[in-house]
Each structure stands twice: as structure tokens, then as C-alpha cells.
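# A closer look at the structure
Below, each chain spelled out in residue letters.
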6 protein chains.
Amino acid sequence: MALITTQLQDNIGTITFNNPKHRNVLSSAAISEMIQAIAALQKGKMRVLILRAPKGSKVWSAGHDVHELPMPGRDPLAYNDPLVTILRSIQSLPIPVIAMLEGSVWGGACDLALSCDILIGCQSSSFCMTPAKIGVPYNVSGILHFINIMGVNFAKEMFFTAEPLSAEQAAKAGLLNHLVDVESLEDFTYEMAAKITRNSPLSIGVIKEQIRLLASAHPLSPLTFERIQGLRRTVYDSKDYGEGITAFLEKRTPVFTGE
Amino acid sequence: MALITTQLQDNIGTITFNNPKHRNVLSSAAISEMIQAIAALQKGKMRVLILRAPKGSKVWSAGHDVHELPMPGRDPLAYNDPLVTILRSIQSLPIPVIAMLEGSVWGGACDLALSCDILIGCQSSSFCMTPAKIGVPYNVSGILHFINIMGVNFAKEMFFTAEPLSAEQAAKAGLLNHLVDVESLEDFTYEMAAKITRNSPLSIGVIKEQIRLLASAHPLSPLTFERIQGLRRTVYDSKDYGEGITAFLEKRTPVFTGE
Amino acid sequence: MALITTQLQDNIGTITFNNPKHRNVLSSAAISEMIQAIAALQKGKMRVLILRAPKGSKVWSAGHDVHELPMPGRDPLAYNDPLVTILRSIQSLPIPVIAMLEGSVWGGACDLALSCDILIGCQSSSFCMTPAKIGVPYNVSGILHFINIMGVNFAKEMFFTAEPLSAEQAAKAGLLNHLVDVESLEDFTYEMAAKITRNSPLSIGVIKEQIRLLASAHPLSPLTFERIQGLRRTVYDSKDYGEGITAFLEKRTPVFTGE
Amino acid sequence: MALITTQLQDNIGTITFNNPKHRNVLSSAAISEMIQAIAALQKGKMRVLILRAPKGSKVWSAGHDVHELPMPGRDPLAYNDPLVTILRSIQSLPIPVIAMLEGSVWGGACDLALSCDILIGCQSSSFCMTPAKIGVPYNVSGILHFINIMGVNFAKEMFFTAEPLSAEQAAKAGLLNHLVDVESLEDFTYEMAAKITRNSPLSIGVIKEQIRLLASAHPLSPLTFERIQGLRRTVYDSKDYGEGITAFLEKRTPVFTGE
Amino acid sequence: MALITTQLQDNIGTITFNNPKHRNVLSSAAISEMIQAIAALQKGKMRVLILRAPKGSKVWSAGHDVHELPMPGRDPLAYNDPLVTILRSIQSLPIPVIAMLEGSVWGGACDLALSCDILIGCQSSSFCMTPAKIGVPYNVSGILHFINIMGVNFAKEMFFTAEPLSAEQAAKAGLLNHLVDVESLEDFTYEMAAKITRNSPLSIGVIKEQIRLLASAHPLSPLTFERIQGLRRTVYDSKDYGEGITAFLEKRTPVFTGE
Amino acid sequence: MALITTQLQDNIGTITFNNPKHRNVLSSAAISEMIQAIAALQKGKMRVLILRAPKGSKVWSAGHDVHELPMPGRDPLAYNDPLVTILRSIQSLPIPVIAMLEGSVWGGACDLALSCDILIGCQSSSFCMTPAKIGVPYNVSGILHFINIMGVNFAKEMFFTAEPLSAEQAAKAGLLNHLVDVESLEDFTYEMAAKITRNSPLSIGVIKEQIRLLASAHPLSPLTFERIQGLRRTVYDSKDYGEGITAFLEKRTPVFTGE
Ligand code: NI
Ligand code: NI
Ligand code: NI
């Protein structure tokens, strides 16, 4: 384990990103470590899990590893892709997961943070949803995570501008459960975690699962969904999608033509 | 009628909890009185209903009467249970119901308050969702009330920590329509009620019903629902559920093992 | 084109209400102009649309033209009515629409503003949802717009009291993405629009469409919906509905009897 | 009670149409008698209800009373209309209802028969679904009754041709549970009813209610439903709708232009 | 393994009931053996599974073991009950399951047969759905299996009369894919199975899963489902339910009072 | 126009396949002609459309052009693919479409026939659903067409065996509205069409659209649908999918390994 570190103490599990050189990017390697770590922690008596970056991080996580995005012609957010898989793992874990958010959060890492149950931020937290900058057609379940927490108008602004939300804005938009001073972030988070460990794990597990199902219960007819998939495919087949990835990797501004 | 008092003036109905000795607990007796009171008030020309505790109350309501929870093996939140029934009555009433919230609100009384249409609080209001403290598997429609008002992340914190939300936190989470000074709470509430009485009761009634149906329109497939019921049954069949009730009645901290 | 003016610059389209004498009312004539204007702008390279009133407006829009409401016996909010049609146009437009809100917003104009993707207000903005003042049974998809942005309790207060929400209240209720000083309103809005124009229009278009479908995905069974239509018909067949319209046109307070 | 007769024997209730002169038409008067009769029978110990015409009837029921259809501009199949109301009564009755079908069944009477739980026919039974002959935009819940029993392709043929289905065709399409000789129709029906009376009424009641809810569980989004209502309104506002009713009453062939 | 026997040949798995003394009853022991057998067969290269009774059986399976039904107060068809579990196993198996049906099929065994993908019967096949004879409130997902195969009116007759459907009636109601002579039953079934083994198992697996999900996609709102559970609970709490079980075990006719 | 011929007489449109050399395959060229032909016919006063092969055809249509299936890695049944597009066109056409079925019907042509409103066959009609022979993961909306007409068990047999259904079997399974002698097929079909032209086109149009929406109203949650897409992608990324196409084009039996 090199890209993350883990800890289990007093029934509180912690996974800490540990790849500052690559801005804690959610590469398939990192996600694979996270999935193994969660499985290992669950063998202990973990009753709550904290997901965090090391103290003092400027970047919580840079999100998706753009190098790993498929070339045009393939869905960049398919069901079995690593990022999409870890989001489901976090949401299906029968214990609460707390995102302790220090530093900036980018793209898929926003979705990871929103897939946690409770989000605690500090002044250095910021949140930037980047798919419109790269030309990615975000997927339905991912978009639903944002709507369920922020309401439709804040989610739209975040996606359409692809600009970072400051910690205050995130708090106002309802994204953060708590906005605390960076010095007290750790104490605040672990105290809340400790309280949770004293409650009934069975009751908590079933309530979390019910919320997961209710929040996802925005069902669409097969025709509607297939139309969405058709629209998304048009986008990931487009020149703009290729341009977006290339520009990102070449660290230049993309030029989108809508084709 | 001993556990509540009622009033009807200028088309404004009021039900006031009147059982301070037992912290305005929502016993089946109290709920039965409330249901009768609502029926009686509706025979008058009530156009809005206010639900409140007496001025100066420290506790708005203690919620569920834990003595009345069934022993392990039976669903503690079944469709015809008194608490679940009064929630439906409030939501189905074709006139607005305002919760005027002075003092602390516990467990099922939170659900009662959230089942009202408009929530007005003051500095002494606080809200504590206790099922995870007792080991109760909360039910789907109840959880949906919280999600619809607070969003998923605030609802999760409230349920998982089982800690009281202060009035400010409740306002920030969107639970309170208004947070006003305790001295002006009554005036503020009755003035809003008076405004409502002047509007079209037919228009209001149909809009309330539409909102009720839309807010409940998170449909689940039969298989999904039966799985939830199975998970909930595992919880109310568990040792922990028995321990939770016993500990509460013995006024000691429960020890949950997850079994 | 007399009731609105339009502009297209740097891929930013603007539609400005231009009928101050009639408080920018959403008459069928005005809406017809808007629909044509949108079609014309889309032939240019519009990547974002701003909907606004002229600088210094006291009234952003008075909403529905009450003169055009049908007499009792006909649904006042039917699928092909002009107001309902323009709401769908705005929501289905494959580019973001920003409501730049100076002045008061009334009735159907609130629904128009909420049908925009991003709402930016200033101190003079206010929002008043009037159907309960006139006796109109609002329609399901319209009510859903409010729930999706404000949550159920704020939406209920707005509809039941029919009182204006101040800019601060609107911001607190989550209706406004941003509340800025009136002097900086224009700059703030056009800067945000400019940022959007640089992002991938294909990605934005498909994300907007997904949000539209997810937000509308509160499906109801045929029986439930037909019951709602039955309830709504009872209202628009009622004496109160006629009284509401008449009183409004006679500029007097209506007297509602619930019949 | 003149338009129907009723009987209750051995826990078997019977309602017999008794208006041969008007071909047992489902006028509001007849339906009102039926609703009262059902209420009266339920006070007895009815465990099954049989709906029938007198022995030897050529016409089971002519269906909707076309004289009572509203003029253009009003929905001819609204929620509180008598026919729509009796359909719901039959479906919601917590005991099985058997349609004993001798003679021809027309329009709304087909819907009534299909709203029964078990359909037993004989050689003289025939079924004709007439709305396309008159120009009526049939309603969603009614159409769903046909789909649930016949599948979509048989339902479409029946509606589009408006031709009578013979007893054999009806049996083949799955509309009839049993096709028996006219002489044995009564015995067959009452023997089946007698068997049902010996089973658990509670078990039967809850199974019937579950089937009703499952069969209706084809939920549609608010937008979709409002679009349907818009389409239906276009039809009942049309010239063709007026022509259809007029031609029927004048006993001539209508000339439809699609306007 | 005593209650069933298993075989795997040419990629065709077979599970044969082997408990004629107890009429191949679906006791928890028998089901446990089936679940283990399926797991073992899947380790081989099984591409289709046949579920059958021994040649010449008079009873395919007697269904639920009534001795194992819980006493009043507990749901007799809960999510984790053995019968309900084996139904899900069969439906979720990623290969086709063929029910080869010789002899009579009772109660829960009907549900097992209908949970298979293809049903092949012979003249001795008959199908009797018994819950109304015992007083059991059947569960939602089980009822849905019947509706999806038979349509609502045949399902209702089967449940309400609790009379056996003959092979011909079952074929007419669409329950049987094929009705063949008893001598050719085995050859017919194994030939069809052999054809299936030559097709693409991946394609078949995903099509089966899609059909499972579509057939279950009759979603209900939380309120509706909780109401159903409330109704079902009233039934399994009733005197009649106890009477039904007792009478069955005492081999006498139950007397139901509706209480 | 070479691959089809069209005719419009007495308000009855006819599209006749005209490519016997390639067995009336549904190539993108043929479908493009069909879409243009439908548009042209609609400009006339077409009130019903008949889809047919020339008299005496052995093959009604061979279905999908396997040469046009994409290589592994791309969804072979995407929303904008020609076959999927023509299915939607037929279903959305506001007039009835009758499939007049002489000869064998293969793969996608089965879906085309089932997308018609009324199916009329003769002794030479047969229906073979081939995706499991080629290794294609059929799509959700397509599968739903089969379920809605045949019920789940007949649809499963058809897909899993990939064997032709004879005309009698198709009639028994409910796929055919009518099975008539080949000599009377044309007269029977055109007489039914003529009857339809005399009925109200507005009434028919809105009923067809309601049936389309109801039949599609089997909504799935985003997570469920994305899981299905993930499963389908695994299949069209597989070796077996490539083998299936190659074997078909090489006219040999495929060897599927499940990989
Ligand atoms: Ni929702
Ligand atoms: Ni259905
Ligand atoms: Ni269905």
C-alpha cells in the first residue's frame, strides 16, 4: 500500500490519501488500494470510516486520472470503471463514511466526497466540477448525487461554469454539513465519529441503506434512459471530447466547437 | 381531553400539548386525542392549524412513548401504529399545518414537526433524531420526510449521530422556515396563519395534496421494498433492539454489539 | 418585436423584457415573441442565454396575464397554454439560461425564473407566488419546479401565504444561486455567462438534459394523476376561482368561501 | 330501485341490470343505484359479487350514456364522472366481483366488465370498444385496464377498429376467464362464487388490493402525464368530437376530418 | 443430499425432487439442499438448469411446508424465508431454468414453477394456488410473478378460488410454454435445453437479467407499500390466519369469519 | 427508391419490402428509405399504414444487416442506430400500423413487427429471435416490446432458444392478432385497415400514444439502468460477440465459451 494509508482505532477507520506528488489522483491503482483497504477495515470492528487527506494538504484529491480516460468512442464513466465502482462501494458500505475535507477537491473527487454520508470542510476546502472543461458527458447516477445534496440550481452552476466553489459557497449550497476552522477540523471530525460508534450499528446500517435507495429512486422509463445514453454517446464520440482530453494533457485551454 | 387543549379562533385552529409532566410524549392516548381534536376542529371553519406546546415549554415533545414500543419480533413503526397514523393525518389534512416550535423536539416528534407544512422555531428549539440510540430501524416514509426537507447529508448526520441539532443548525439545514425570537414566536406564527386564512382554501388544499404526492413519489420496485422490510426485520428481531429499549427504560447507556 | 428586445454578443444571448407599462406581464403576445426570439438566437452561436428586465426595473415581471385566464370550467394551466409552453422551452433549451433578477417577480414569472438554470438576484428582487390569492389550482409540473429548488417546506410557505419572499429569504431558501449588489448584478451575470461559453457546449447540453429528466422523475401512477386532475378541476370549476379572477381584475380583495 | 335489482344469498351478492328498454345503459342514474346497492350489500355478509344482465339478454350493457357526454371543451372521462367512479368502486371492493356476461357489451360497459376480477362469457357475449367511433379520447387508467388483461396488440385492435370482438376472439385474447355454454353460464358462475365464499375473505381482500396496485403501477412523470392531458384536451376540444356525438345521437355515420 | 438429486451432463444441470413421501414439499431442508446444489452445479459448466420431479410423479411439489409457517403475528412470507429465497435464486441465476412439470403443483411450488424461465407441462400437470384456503396474505413480489405470466384476471381466479388449474387451462392462461404428452415430456425438455446450451451464454444471461428487472419494474411509492404491509399484517395477525393453519394441519375444512 | 415500394390509396398507406435478393434485410439504406417513405405518406391523408412483403415472399425480412453490426467495443443497439430509430418511428406514428406477415421474420424484423400495432399472419409466418445465436446483448426497450405482447415466459423461450416460432405457436403466444389463410391475408388486412380509416383519427392517435407511454412505463432507477448497460457492455466487449458475428458471416456454427 503506497497511495493511501489506513488506520483503525476505537472502531473508527481512516483512509488517508498518500500521493501528494500526483495530487491524490483517483487512479485505478489508488482506487484498487481503497477497495482492498475498506475490505480489510471491515474485518475489524469498524463502525465509521473517515476519508481524508494528510494534514496541511493543498489538494484533497485531483479526481479522475485524465490519462486513464478512454479515447473517443467509449463511455468514460461506465459502470465498472474504477471511479464509478468506488462511489458505489462507499455508498453501499453499511456504516457511515465521513469526508474530512482539507484542500481543493476536483472532478470525480467531488463525486467521491458527495458519495460520503457526512461532509466536513474547512476554509481551504474548495470544490470544482470539471467535466464541462474536458468535454465529458457526466453520467446519470453521478449527477443525481449532486442534485440530492445541492438542489438543481446549485448543481447546474457547478457543472456549467466548472469553477471552484469556495468553502463558504459550498456550505451555503448545502454541500457541507459543517464548515470548521482548519485547526479544529480533525478534532471535530473524530469526535463526531466517536459519537456514531456508540449508536446501534444495525439501526444505522439499515437507515443508510434506505436513504441510498430513496435518493436513487428517481426512476426513468427504458426509452428515456436509452435516449440519454444516446445523447451521452454522441458527446463521447465527438471531436470536442478528444480536444478536451488532449488540451488537458497538454495543459492548454481547449477550443470547443460543439462538434 | 387532558393531554392536549384545542382552540379555534378566526379560522385558526390550535392544538397545544398539555402533558408537561411526561414531556408531551406522543403516547397512543395523546395521539388519539389529537386525531379527535382535528376532526372536531374541521367541523368548524378551520383554515389553518397550529401545533404547539405551551408558552415557556422546555420540551416541545419527547416523541414516541418508548414504553409502547413492541418487544423484539414486531415492527415498531407499522402502518397502523398511532405515531405513523397521526403523521399521515397531518399530511393529508387539506389545510396548512404550522409547527410552532418552542423547546426540544425528540424522535418521533421530529417526524411530527417535519410532517407539518411550515416550521417556525426560536432559540430554544432543538431537534434530536433518536432511533440509532435505541436501535430502532426507522421506516421508509419517515426517512423520506427528512430527506425531502433537509437533503440527504443533513438527514444522515441527524440519524447517525442522534445528537440534537440546535435552532441555528436546523435553520441552516433548511428544517426551519423561520427562526425568530422566542418573544415574537407567537405573534409571528399567528400573523402568518391569519394571512393564510384569507387565501383560497380550495387552491391551497389541492396544492398541498399535490406536494404530498410529489414528495412521496420516490417509487421502489416490490423486490427492493421487500428487501428493505427484510433488513428492517433483522434489526427489530435483534438483541440490540431489545438492549436499546431496555437501556432507555433503565436510563442507562446501551451497549450495542451489532447482533 | 415590441415587448422584448434581444441581443447576441460573444455567444451570449440576452432577452430583455420591454413592457414596463404592463409590468412585463407574460401575456401570450410576449411569450410568442420570446419563443421566436429564442429560435432566432439559436441560429446564431448562442452558448448561454440571459433573461432579464431593463436596468432599474421595479418589476422583473408581473407573471401570468390574469385577463387571459380562462373562465371557470377550463384548466388555467393546460399543457399548451403559452406560459406552460415557455417554461418547457427554457428547460429544454440545450444551453444554460441565467435569470438576472432585478425587481419583483410575480406568479408565473416565479415559475419562469425557477425554470432557468441559474438565478442571480439583487436586493430589489422579491418573489411572490400568487395562485392561492386568485384561487388557481397550480399544476403538478410547476409545483415540482419549486420543490426541486426550495424543498417542500419553503415551497409550501410561498404558495400558502402568497406573500413576497425578500431577496435574503429567497437566498436562504436556496432559490438564488447568488445575491449580489444591484450595481454589480450585470457584470456578475455576464462574467459567469462568459465563463460558461468557454466550456464544452456538448457536455453542458447533455448534463442539463439529464438534470431536467432526473428532476422530473417523480412518477405517479395513472390513478393518482387522474385523481389530482379531478381535484384541480373541482377548483377551477368553483365559485371561488371565478371570485378570485374577478376580484383581481376589479383590484379588490377576494372573499373566498371554499365553494 | 328500478334500473337494477339486487340479491344476497349464501354470501353471494348479485346486481342485475334491469333496464332492457335502454339496453342497460350506464347512465348516471343507473350507476348511482349500483353504488347504493353495493353499499347495502356490503352491510350483509357478502363475500363475492356477481354483476349480470337478466337471463336471455341480447345486450349486457350499452355502456356510457352518450346523451350525458359533455359538449366539446370538457373532459368526457373525468375522475368524478359516474362511469369512472363505478369502475373504481368495483376495483376497490375488498371482495371478488365476477362479470357474468350474456349479450353484447359496449364501450364503457367493456371497461366495467374488465374492471371486474373474473369474466365469464357465453356464445352470445361480444365486446365492442367504441370511443374511436365517437371521437372520444379515452383516459389513461381505462386504457390500462385493457392492456393489463389483453396485452397491447389486442387492446389496440379493439380500440382502433371499434369492431365487436366475438366470444371466441375475446377468449383467445385472454379477456374471458371462461367461455361456457349459455345454458350453463349461471350454474358455472354461481358455483365458482360459492367456492370463493368458503375461502379466507381477509386473504382474498389483501391479494385483490395488491393486484390492483401492481396493475396500476405503470407510473409516468408529471410532464408526461400533462402532455397526455394536453393531447386529450385537443381531442375533446375538436370539431370531430362534436361530430362524433352528434352523429351518434342522430344515428348516422360520422364524418371525421381530423380537425 | 437426500431430498433432491442432481445431475450435470452436456452442460445441462438437473435438480430432481426426491421426497415423494412428503410430496416433495419445499421445506427449509429441501430448499437448503437446492441452494447448495445450484452452487455446486454452477461450478461445472452448466448452461441451463432443469427442475423436475421423478418420472411418474403424481405430485410435482406440495409447496410450502405448512408446519413451518410462523404462528400469527409474524409475516409468513418474509424476505429471508427459505421459499422466498429460492425464488430469487432461480430468477437471478444467469442461465435459463426450465420447469419440467409432471404432476400437481401446489401453493409455493406454483410460485417456484413460475419463477422458472420456461414451463413445460403434460396432461398430469395441475396448478393450485392455496393461500386463500389457509388465510395467508400472499406477498407483493410473489403476486407479481403471476400477473406477469397470466395477466390479472387469470391470476385473480387462481388466487380467489384456490382451485386447481388443469393442464389445458394453464396452457390457455399462458402459464405453460408447452403442453406435451407425458411420454415425450422428458425428450422435449432436454432437446430444448440442448439447443439453449449451444447459444451464447453471455447474451442469454444479460437478456434474462433485463427481463427480470423489467418484469419487477412496477414501482410503488413508500406510502403505498407501507399501506400494503399494514394490510398484510392485519391478515397474519388475524384469528382466521391461525384457523387456516390449524385446520390444514388437522386436515379439516377451515371456518373463516373475516376476523 | 429501390429497396421498398410505397402506395397510398383510400387513406391506406402501404410500404412493401422490395429486396428479395437480400431477404428484405433491414440495412441502413432500407431503413432510410422507409423513414422517407413514411414522411411522404404522412403528407397525404394516410390514416393507417400497412407494412408488408410482396405476395408469395418466403422471407418477410431477415432483420438486422449483420454486416452493419459494429465490431466489439461498441453497443450494437444504440439509440441512434437505424433499426432502433425505425422502431421508434413506427411506434410514434400517430396512426395505426399493421404488420401483414407472410414468410419468415428474423431478429430485428421481429422487433419491427412487434412495434407495429396490429399483427396479422398466415401459415407461412414464422418468428425467430436470433441475438443469442450471434452473441448480441439485446437492449432494454426492445426486450420490453416482447414482454408487453407475449408475457415473460414466451419471450424468454424465444430469446433463449433462438428457434423459430411457427405461426400457430405465435398465435398461441399472443403475438398475432389474427392467423388467416395466406389467400385471404391481403383482403383481411386491407378490410381491417379500411374500417380503421372511418374512425376518428384524433381519438385513435391519442389512444395509441397513451398505450405507447403506458407500455413503456416500467421505470428503472439510474443505478439499475447503469448496471444493465455495464452488463451489456461486458457482452459486446467479449470474445463471444466477435465469434458470433464472424461465424454468422462465415455461415458456420459459432463456438461460444462464455468469455
Ligand atoms: Ni426526488
Ligand atoms: Ni405492467
Ligand atoms: Ni407492466
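Heads up: the structure comes first, above all this text.
Just so it is clear, the model here is predicted, and its values are computed rather than measured.

So, on to helix α8 (residues 201–216) of chain E. For α8(E), with 16 residues, the first-to-last C-alpha span of 23 Å sits near the 22 Å given by 1.5 Å per residue. In terms of burial, α8(E) is largely enclosed, as 13 of its 16 residues are buried.

The subject of this paragraph is the pairing of strand β1 (residues 4–9) of chain B. Residues and elements named next belong to chain B. Across six bridges, β1 lies against strand β2 (residues 12–17) in antiparallel orientation. Across the sheet, the residue bridging to Q9 is I12, located in β2. Hairpin connection of β1 to β2: two residues between the antiparallel strands, including D10 at a positive phi of 55°.

Looking now at the arrangement of the chains. Contact between chain A and chain D is absent, and the minimum C-alpha spacing across the pair is 8 Å. Separating chain C from chain E is a minimum C-alpha gap of 8 Å, and the two share no contact.

Before going further, it helps to spend a moment on the interface of chain A and chain B. Each partner contributes residues to the interface: chain A has 36 residues there, and chain B has 41 residues. At the boundary of chain A with chain B, total buried surface from both sides reaches about 3,200 Å², with 67% on carbon and sulfur atoms. Scanning the region where chain A abuts chain B turns up three salt bridges. Notably, a salt bridge pairs E209(A) with R227(B), separated by 2.4 Å at the nearest N-O pair. Applying the counting rule to chain A against chain B returns 15 residue pairs in polar contact (both at pLDDT 80 or more). Elements represented by at least two residues in the side of chain A that touches chain B include exactly β7 (118–121), α5 (140–161), α7 (185–198) and α8 (201–216) of chain A. No other element matches the 14 residues that α8(A) contributes to the side of chain A that touches chain B. Grouping the constituent residues of the side of chain A that touches chain B by class yields 20 nonpolar, nine polar and seven charged.

Before going further, it helps to examine the pairing of strand β7 (residues 118–121) of chain F. Residues and elements named next belong to chain F. With burial as the criterion, each face of β7 is covered, one bearing I118 and I120 and the other bearing L119 and G121. Pairing analysis gives four bridges linking strand β5 (residues 97–101) to β7, with the strands arranged parallel. By the bridge assignment for β7, A99 is matched with L119. Looking at chain direction, β7 and strand β10 (residues 178–179) are connected through two bridges and run parallel.

It is worth spelling out the coordination of the nickel ion (ligand 3) at this point. Protein-derived ligands of the nickel ion (ligand 3) are H218(D) (NE2), H218(E) (NE2) and H218(F) (NE2), with the metal-ligand distances lying across 1.9 to 2.5 Å. Between the two metals, the nickel ion (ligand 3) and the nickel ion (ligand 2), the spacing is 1.4 Å, and H218(D) donates to both. Linking H218(D) in the loop between α8 (201–216) and α9 (222–236) with H218(F) in the loop between α8 (201–216) and α9 (222–236), this pair reaches from one chain into another. For the pair H218(D) and H218(F), one class covers both residues: buried.

Moving on to the state of the cysteines. Counted under the stated rule, the structure contains zero disulfides over all chains. Cysteine C116(E) remains unbridged, with the sulfur of C110(E) as its closest cysteine sulfur at 12 Å. The thiol of C122(F) is unpaired, and the distance to the nearest cysteine sulfur, on C110(F), comes to 15 Å.

Turning next to the sheet that holds β10(F). All names here are of chain F. Read across the sheet, six strands follow the order β1-β2-β3-β5-β7-β10 without closing on themselves; strand pairing throughout is mixed. Edge strands, defined here as strands with exactly one partner in the open sheet, are β1 (4–9) and β10. Pairing between strand β3 (residues 48–52) and β5: four bridges, direction parallel. Pairing of L49 across the sheet is with V97, part of β5.

Cut-offs applied
Each residue is numbered by its place in its chain's sequence as written, counting from 1. Naming scheme: in the order in which they are written, chains are lettered from A and ligands are numbered from 1. Only residues with pLDDT of 70 or above have their local features reported here, since the model is predicted, and side-chain atom pairs are shown and tallied only from 80 upward, although totals for entire chains, interfaces and linings are computed over all residues. Based on all heavy atoms of the structure, the side-chain values leave hydrogens and waters out of the count. Labels follow the DSSP assignment, with helices taken as runs of H or I lasting at least four residues and strands as runs of E lasting at least two, numbered in each case from the N terminus. In a helix, the anticipated span is given by 1.5 Å times the number of residues less one. Summary of the burial criterion: residues with accessible area below 20% of their type's maximum are buried, those above 50% are exposed, and those between are partly exposed, where the area comes from a 1.4 Å probe applied to protein chains only. Any two strands with at least two DSSP bridges between them are considered paired. Should any heavy atoms of two residues lie within 4.5 Å, those residues are counted as being in contact. When two parts are put together, the accessible area they lose, computed with a 1.4 Å probe and summed over both, is reported as buried area. Salt-bridge detection follows one rule: a side-chain nitrogen of Lys or Arg within 4 Å of a carboxyl oxygen of Asp or Glu. We call two N or O atoms a polar contact when they sit within 3.5 Å, provided that within protein one can donate a hydrogen and the other can accept it, with sequence-adjacent residues counted only if both atoms are side-chain atoms. Each residue gets one label: Ala, Val, Leu, Ile, Met, Phe, Trp, Tyr, Cys and Pro are nonpolar, Asp, Glu, Lys and Arg are charged, and the others, such as Gly, are polar. For Na, K and Ca the donor cut-off is 3.2 Å; for every other metal, N, O and S atoms count as donors within 2.8 Å. Water does not enter the count, which can leave sites looking incomplete. Disulfides are defined as pairs of cysteine sulfur atoms found within 2.5 Å of each other.

Any functional reading would require information that these geometric values do not contain.
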